[in-house]
Amino acid sequence: YDESKGTSAIVSVQKAPHYDERVPTCWYTRFSGNHNWVRISRVLHCLRLLGLNGEAAGLLLCLETLHAEGVPCGASMAFWRKR
């Protein structure tokens, strides 16, 4: 946190070591949407409400990377970018 500017540095958010084995359960569904995406929306919103903008930016950057790698969350990305 830079007190003189009132800003936070972007926090690094990375995949967990067991990410690949959890992908089918956490990221893919047979139906449209995924309830985990709703949770992510709430986390992003709460981080920003608490002024933890560096943490929110780090999480969003990680989500952008996952999306670029093929995680099917395109419909949610536009919403998360606004959160």
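Nothing here was measured: the structure is a model prediction, and the numbers come from that model.

Caption draft 1: Spotlight on helix α2 (residues 35-49). With 15 residues, α2 ought to run about 21 Å at 1.5 Å a step, and its terminal C-alpha atoms sit 21 Å apart, in line with that. Listed in full, the buried residues belonging to α2 are Trp37, Ile40, Ser41, Leu44 and Leu47. Burial along α2 is one-sided: seen end-on, the buried residues are contained in an arc of 135°. The secondary structure elements touched by the buried residues of α2 are α3 (53-68) and α4 (74-82).

Caption draft 2: Just a nonpolar patch on the surface, in detail. Side chains of Leu49, Leu50 and Leu52 sit close together on the surface and give an oily, nonpolar patch of about 320 Å² of accessible area. Along the chain, Leu52 turns up in the loop between α2 and α3.

Caption draft 3: Highlighting the pattern of salt bridges. This model, assessed by the stated rule, comprises 2 salt bridges. Between Glu69 and Lys15 there is a salt bridge, with the nearest N and O atoms lying 2.8 Å from each other. Residue Glu69 is located in the loop between α3 and α4, and its partner Lys15 is located in the segment before α1 (19-26); the two are separated by 54 residues in the primary sequence. Across the pair Arg81 and Glu64 runs a salt bridge, and its minimum N-O distance is 2.7 Å. A residue pair is termed long-range when its members are at least 10 positions apart, and Arg81 in helix α4 and Glu64 in helix α3 qualify at 17 residues.

Calculation notes
Residues numbered from 1 in each chain as written. Predicted model: local features only at pLDDT ≥ 70, side-chain atom pairs only at ≥ 80, totals over all residues. Heavy atoms only, no water. Helix = DSSP H or I, 4+ residues; strand = E, 2+ residues; numbered from the N terminus. Expected span 1.5 Å × (residues − 1). Buried < 20%, exposed > 50% of the residue type's maximum accessible area, 1.4 Å probe, protein only. Arc of directions from axis to C-beta. Contact = heavy atoms within 4.5 Å. Patch = residues over 30% accessible without salt bridge, like charges linked within 9 Å, V, L, I, M, F, W, Y side chains within 5 Å. Areas by Shrake-Rupley, 256 points an atom, 1.4 Å probe, with all protein chains shown as cover. Salt bridge = Lys/Arg side-chain N within 4 Å of Asp/Glu carboxyl O.

By themselves these figures say nothing about function.
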